[in-house]
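# Structural description and commentary
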Amino acid sequence: LQQQAFAMGPWKSQAVQSPPERVLAVGADEMAENQYERDGSAVFAHRASWTSLDEWLPHEPDICYTSQGWKIASQSTVALPNRPDVQVALRSYEQAGRRLWVVFWYQIGSFTYSDRDGARPARRAYWGQHERPPLIKTVLQTLDDDPKGAKLLSLAGLIYDANAQL
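Overview of the structure. Note that the structure is predicted; figures quoted are calculated from it, not measured. (Residues numbered from 1 in each chain as written. Predicted model: local features only at pLDDT ≥ 70, side-chain atom pairs only at ≥ 80, totals over all residues. Heavy atoms only, no water.)

## Looking at helix H3 (residues 116–124)
Since the α-helix packs 3.6 residues into each turn, any two residues three or four apart lie on the same face. Basically, it comes down to this: Burial status follows relative accessibility: with a 1.4 Å probe on protein chains alone, a residue under 20% of its type maximum counts as buried, one over 50% as exposed, and anything between as partly exposed. Each helix corresponds to a stretch of at least 4 residues labelled H or I by DSSP, and each strand to a stretch of at least 2 residues labelled E; elements are numbered beginning at the N terminus. Here the arc refers to the directions that run from the helix axis out to each C-beta atom. The contact rule is simple, with two residues in contact once any of their heavy atoms fall within 4.5 Å.
Of the positions making up H3, those classed as buried are Ala119, Ala122 and Arg123. The buried residues of H3 occupy an angular sector of 95° when projected down its axis, which confines them to one face. In this fold, the buried residues of H3 make contact with strand S6 (98–108) and strand S7 (111–113).

## A short note on the nonpolar core
This is how it is decided: Only buried residues count toward a nonpolar core, which is a set of Ala, Val, Leu, Ile, Met, Phe, Trp, Tyr and Cys residues joined through side-chain atoms within 4.5 Å.
Counting residues in each nonpolar core, the largest one holds 21 residues, and the members touching the most others are Val103, Trp105, Leu140 and Leu155. Only strand S3 (41–50), strand S4 (71–80), strand S5 (83–95), S6 and helix H4 (150–164) provide two or more residues apiece to this core. Top contributing element to this core by residue count: H4, with seven residues. With residues up to four places along the chain from it excluded, the contact list for leucine 140 reads Val43, Phe44, Ala45, Trp101, Val102, Val103, Trp105, Leu152, Leu155, Ala156 and Ile159. Within the second largest apolar cluster, 13 residues are counted, among which are Met31, Ile108, Tyr113 and Leu135.

## Considerations on the environment of threonine 77
Tracing the chain through its elements places threonine 77 in strand S4. Sequence separation between threonine 77 and tyrosine 113 is 36 residues; the distance between their C-alpha atoms is 9.7 Å. Contacts of threonine 77, omitting those with residues within four sequence positions, involve Gln87 and Val88.

## A few points about the pattern of salt bridges
Where charged atoms from two side chains of opposite charge approach closely, those side chains can pair. To be explicit about the condition: Put simply, a salt bridge is a Lys or Arg side-chain nitrogen that is within 4 Å of an Asp or Glu carboxyl oxygen.
Across all of its chains, the model carries six salt bridges by this definition. Ionic pairing is found between arginine 38 and aspartate 39, a salt bridge with its closest N-O pair at 3.6 Å. For the salt bridge of arginine 120 with aspartate 117, the shortest nitrogen-to-oxygen distance reads 2.5 Å. With arginine 120 and aspartate 117 both in helix H3 and three residues apart, this pair spans about one turn of that helix. In this structure arginine 120 comes out as partly exposed when scored by relative accessible area, which is 36%. Residue aspartate 117 is classed as exposed on the basis of its relative accessible area, which comes to 56%.

Now the structure itself:
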């Protein structure tokens, strides 16, 4: 995850040191966090992967954000640009007059989902196989005004492609 994080098209990236309590809470086999910048916009990216976990939605973003005092202001499921079959969650959260825009998804190979129902086809595709690609959770967030998620989704498409290579 960390090696791929720096090559995301026009987005410039810098690694972020994850706080030990976040690493422990997520419980991933591997985790990478980066700050991406492009045209004055800043996006924080959190990616975590599990190779042997049987959990379908590890460290679910809605639970994480709301447990830290953020309230869900809007929620939808949207397609990645130029990929109508790849659905991701788009949320906005509010806290103390601030709004945070978030895109997240879970990915196994080319399968993506953001809820338990969406996980079924991805997991079913690997039933009976001795190996499967890692489960990767990707969360992108920005405080920039991004109601349609355009900034987040442009970066999400690049990260989706990188995840599919793992």
